[in-house]
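Listed here are the chains, written in short residue letters.
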Amino acid sequence: MDAGPFVVDGIRTQKLHPWPVRIMHWINAAAIIVMIGSGLGIYNDSVIIQGLHFPEYLVLGSWMAKNLQWHLAAMWVFMLNGLAYLIYGIATGRFRNKLFPITAGEIWETIRETMRLKLSHEDVTMYNAVQKTLYIVVIVAAVAQVVSGFAIWKPMQLSWLTDALGGFQIARIIHLTGMAIIAGFLLVHVALALLVPRTLWAMLSGGPKITTRTVEAAR
Amino acid sequence: MRSPFRPDRVPDPAILDDHRPALRALERRGFLRGGLSLGALTMLTGCDVSDSSSIGQALKAVNVLNDRVQEVLFSSTKLAPEYPESRVLKPPRFNAYYEIEDVKPLDRATWRLELAGLIQDKRPWTVEQIATLPEREMTIRHICVEGWDYIGQWSGVPLRTFLERVGADLTAKYVVFKTGDDYPSSIDMPTALHPQTLLATKYAKEILPDPFGFPLRLRTSTKLGFKNPKWITAIEVTNTWVPGYWEKLGFNWFSGL
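Just so it is clear, the structure is predicted and the values come from calculations on it, not from any experiment.

1. A short note on the overall build of chain A
Reasoning step 1: When you go through chain A residue by residue, the secondary structure sums to eight helices and two strands.
Reasoning step 2: Walking chain A from its N terminus toward its C terminus, one meets helices and strands in the order β-α-α-α-α-α-α-α-α-β.
Reasoning step 3: Within chain A, residue pairs in contact and separated by at least 24 positions form 72% of the contacts whose partners lie at least 6 positions apart.
Reasoning step 4: When the accessible surface of chain A is split by element, carbon and sulfur atoms take 71% of a total near 12400 Å².

2. Considering the overall build of chain B
Reasoning step 1: Secondary structure summary: chain B contains seven helices and nine strands in total.
Reasoning step 2: Excluding contacts between residues fewer than 6 apart, the proportion of contacts in chain B whose partners are at least 24 apart in sequence is 69%.
Reasoning step 3: Of the accessible surface of chain B, which amounts to about 13300 Å², a share of 57% is contributed by carbon and sulfur atoms.

3. Regarding a nonpolar patch on the surface
Residues and elements named next belong to chain A.
Reasoning step 1: On the surface, a nonpolar cluster with roughly 610 Å² of combined accessible area is contributed by Trp26, Val190, Leu194, Leu200, Trp201 and Leu204.
Reasoning step 2: Mapped by element, the contributors of at least two residues to the nonpolar patch are α7 (168-195) and α8 (197-205).
Reasoning step 3: Turning to its location among the elements, Leu194 is positioned in helix α7.
Reasoning step 4: Relative accessible area serves as the criterion here: at 58%, Leu194 is assigned to the exposed category.

4. Re the interface of chain B and chain A
Reasoning step 1: Listed by partner, the interface residues are 36 residues for chain B and 27 residues for chain A.
Reasoning step 2: In this structure, the connection of chain B to chain A is made through zero salt bridges.
Reasoning step 3: Along the contact surface separating chain B from chain A lie 11 residue pairs in polar contact (both at pLDDT 80 or more).
Reasoning step 4: Of all the secondary-structure elements, those providing two or more residues to the side of chain B that touches chain A are α3 (54-73) and β2 (136-143) of chain B.
Reasoning step 5: With nine residues, α3 of chain B is the largest single contributor of residues to the side of chain B that touches chain A.
Reasoning step 6: A breakdown of the residues in the side of chain B that touches chain A according to their chemical character gives 18 nonpolar, 11 polar and seven charged.

5. A look at the nonpolar core
Reasoning step 1: Counting 60 residues, the largest nonpolar core has Leu113, Phe162, Leu163, Phe177, Leu199 and Ile235 of chain B as its most contacted members.
Reasoning step 2: The greatest single-element share of this core, amounting to four residues, is contributed by strand β6 (residues 197-203) of chain B.
Reasoning step 3: Every residue in contact with Phe177 of chain B, bar those within four places of it in the chain, is listed here: Phe5, Leu159, Tyr183, Pro184, Ser185, Ile187, Leu199, Leu218, Pro229, Ile232, Ala234 and Ile235 of chain B.
Reasoning step 4: Among the nonpolar cores identified, the runner-up in size contains 33 residues, and Trp70, Ala74, Met75 and Ala142 of chain A belong to it.

6. Thoughts on the packing of helix α2 (residues 64-91) of chain A against helix α5 (residues 129-153) of chain A
Residue and element names in this part refer to chain A.
Reasoning step 1: One can describe the packing of α2 onto α5 by two numbers: an axis separation of 11 Å at closest approach and a directional angle of 140°. In terms of their interaxial angle, α2 and α5 are classed as oblique. In this structure, α2 meets α5 at a crossing whose hand is left-handed. Only Ile139, Ala142, Val143, Val146, Phe150 and Trp153 of α5 make contact with α2, whose side of the interface consists of Leu72, Met75, Trp76, Phe78, Met79, Tyr85 and Leu86.
Reasoning step 2: In terms of residue class, the contact of α2 with α5 is built from 13 nonpolar, no polar and no charged.

7. A short note on the pattern of salt bridges
Residue and element names in this part refer to chain B.
Reasoning step 1: Taken as a whole and assessed by the stated rule, the structure comprises 10 salt bridges over all chains.
Reasoning step 2: In this structure, Glu85 and Lys205 form a salt bridge, with 3.6 Å as the shortest nitrogen-oxygen distance. On the criterion of sequence distance, the pair formed by Glu85 in the loop between α3 and β1 (114-117) and Lys205 in the loop between β6 and β7 (206-207) is long-range, its members being 120 residues apart.
Reasoning step 3: Residue classification places Lys205 among the partly exposed residues on the basis of a relative accessible area of 45%.
Reasoning step 4: With its nearest N and O atoms 2.6 Å apart, the salt bridge here joins Lys227 to Glu247.

8. Side note on the confidence of the model for chain B
Reasoning step 1: Confidence in the prediction of chain B, expressed as mean pLDDT, is 87, and 81% of residues score 70 or more.
Reasoning step 2: Counted against residues more than four places away or in other chains, residues 45-49 of chain B, with its pLDDT under 50, gives nine contacts.

9. Digging into the pairing of β2 of chain B
One face of the sheet, then the other: side chains in a regular strand alternate in exactly this way.
Residue and element names in this part refer to chain B.
Reasoning step 1: Bridging between β2 and strand β3 (residues 149-158) involves eight bridges; their strand directions are antiparallel. Bridge pairing in β3 places Glu137 opposite Ser155.
Reasoning step 2: The hairpin turn running from β2 into β3, its antiparallel successor, is five residues long, and Gly147 in that turn takes a positive phi close to 125°.

10. Focus: α5 of chain A
Reasoning step 1: The terminal C-alpha atoms of α5 of chain A, which comprises 25 residues, lie 36 Å apart, in line with the 36 Å expected from a rise of 1.5 Å per residue.
Reasoning step 2: Among the residues making up α5 of chain A, those that are buried are Ala129, Gln131, Lys132, Val138, Ile139, Ala141, Ala142, Gln145, Ser148, Gly149, Ala151 and Trp153 of chain A.
Reasoning step 3: The secondary structure elements touched by the buried residues of α5 of chain A are α2, α3 (94-99), α4 (104-115), α6 (159-164) and α7 of chain A together with α3 of chain B.

What counts as what
- Residues numbered from 1 in each chain as written.
- Chains lettered and ligands numbered in written order.
- Predicted model: local features only at pLDDT ≥ 70, side-chain atom pairs only at ≥ 80, totals over all residues.
- Heavy atoms only, no water.
- Helix = DSSP H or I, 4+ residues; strand = E, 2+ residues; numbered from the N terminus.
- Contact = heavy atoms within 4.5 Å.
- Areas by Shrake-Rupley, 256 points an atom, 1.4 Å probe, with all protein chains shown as cover.
- Patch = residues over 30% accessible without salt bridge, like charges linked within 9 Å, V, L, I, M, F, W, Y side chains within 5 Å.
- Salt bridge = Lys/Arg side-chain N within 4 Å of Asp/Glu carboxyl O.
- Buried < 20%, exposed > 50% of the residue type's maximum accessible area, 1.4 Å probe, protein only.
- Polar contact = N/O pair within 3.5 Å; in protein donor to acceptor, adjacent residues only side chain to side chain.
- Nonpolar A, V, L, I, M, F, W, Y, C, P; charged D, E, K, R; others polar.
- Core = buried A, V, L, I, M, F, W, Y, C linked by side-chain atoms within 4.5 Å.
- Axes fitted to C-alpha atoms, helices over the stretch in contact; angles between N-to-C directions.
- Parallel < 35°, antiparallel > 145°, perpendicular 65-115°, else oblique.
- Left-handed = near helix turned anticlockwise from the far one by under 90°.
- pLDDT = per-residue confidence, 0-100.
- Pairing = 2+ DSSP bridges.
- Expected span 1.5 Å × (residues − 1).

This is how it looks when you write it as C-alpha cells:
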C-alpha cells in the first residue's frame, strides 16, 4: 500500500471514551437503575429467599402492575443498548485493547496493592487486572440477565431455554443472582468513580486523547 | 337474546352534542396537566408517577407494544411441555382478587353458559350439555404473574372445538369471557384456537371443585395464570378489544408465556 509520508497507518488517536461509549454508558446506567428498582418490586410479590423483602424506598413503581410496566419497558432499552455496546466493543477492538490480556499474577499483584490502599489511578487510560476482571464479569452478568429474563418472560414459547437453565424457578434464581452481581459491581464502580473523580469526568467529557494501534497495524 | 355484554340502558348519543363545550374544556385541562408532568420528571426518585403523566403514558404505550411483540412470538402449533401425573398438585393453589372464603359457588341447576357476538348458534348451554362434548386432558405448568408455579392436570373441551361447534367466526380477533365472580377477561383468537386452550370442567380427573371455577373455567397453557377466568357464565366472540380485570389496573393484556 502506498501510504503518504504523513499518514500513519494503523495508529488512531482518539479520546479515552469516544462519544458512542459515553452515550451508551449513561443510557445503560439509567436502564440498569430502572431494571433493578422495578425488579425488586416484582421480587417482593413472590419472594425467593424466605424473609428477604426489599425495602419500599428501593422499589420503582407503587405496586406490581407498575413494577412490571417499568421492567418490561426498560428491558428493551437495556437489551438494545447492550447489544449495540457489544457490537461496538468487538468491532472497534475496544474490548481487546481495554480488557485483555489478564494474567493471574497481574490480578494477585493488583489485589495486594489495593489491600495496602495503593489505588494507582495515575493513569486512567489503563485498567488494572482487577478492573478488567470486574468489567468482564459484569458484561457476562448482563448477558446472563437478558438470557434468564427471556426464560422467565417466555417459559413456554422458549421452553428449550427455560429447560436449559434448569426450569422456571431456577431461571428466577439465576436472574436474582445476576442482579446481585450487577448491583454489587454498581456499588464498587460508583464508589471508586467518586474516589477518583477524574474517571467520572472522563466518562462525561471523553477524557484524555490516547493513541491506539488498530487492527490494521498487525498486518 | 340480548347480549350479556351490553349495558342495560345505552346512553343517548345526543348527550355528546349537549356537552361538547365541557368536553373540549376537559381536553384543554388534560393538555395543561401534560405540560405540568414535565415537572413530575424531577419526582422520579419518589418512585411513583401518576398514570396521567407523560411517563405513565409512555409506559402504557410500551405495554401495548409488548402485546404486539408477544403476538409475533406466539406460535399456534408449539405446545407447552407436559408433565407426569405424579407431579400434579392436589388441590391446586387458589388465587383470585379475594380470599378463598369469599368464593361464591355457582348453582349447577340454574347455571347457563350464554353466548354472544359473532356466533351463529347462541343457544345457552347447561352443565349436562357441556359434559357431552369431546374432552382433552393436559398436565401443564401454571405460572402466576407473581412468580410462583405448580403443575396441574386439567380436562375439558378444547375451546377451538367448542367455538367450531357453535359456529363462531374464527377470523374474529377476540374471545371475551364473563364470570360469576365479576372478573371479565379476554384473549386473542390465535390463543383461543391453540390445542392447549380448554374450557376445563375437571381437575386431576375430578369435577372442578367450587373454589377453582365449577362448572366451567378457562385453562390455557400459553398465558399467565390470571388470564384463566373461572366460573365462566358467558362467552362473546368479537372484534372489539375489551380489557380484563387486571389489565384495567395496568397489567399486560397479552401476558403470554
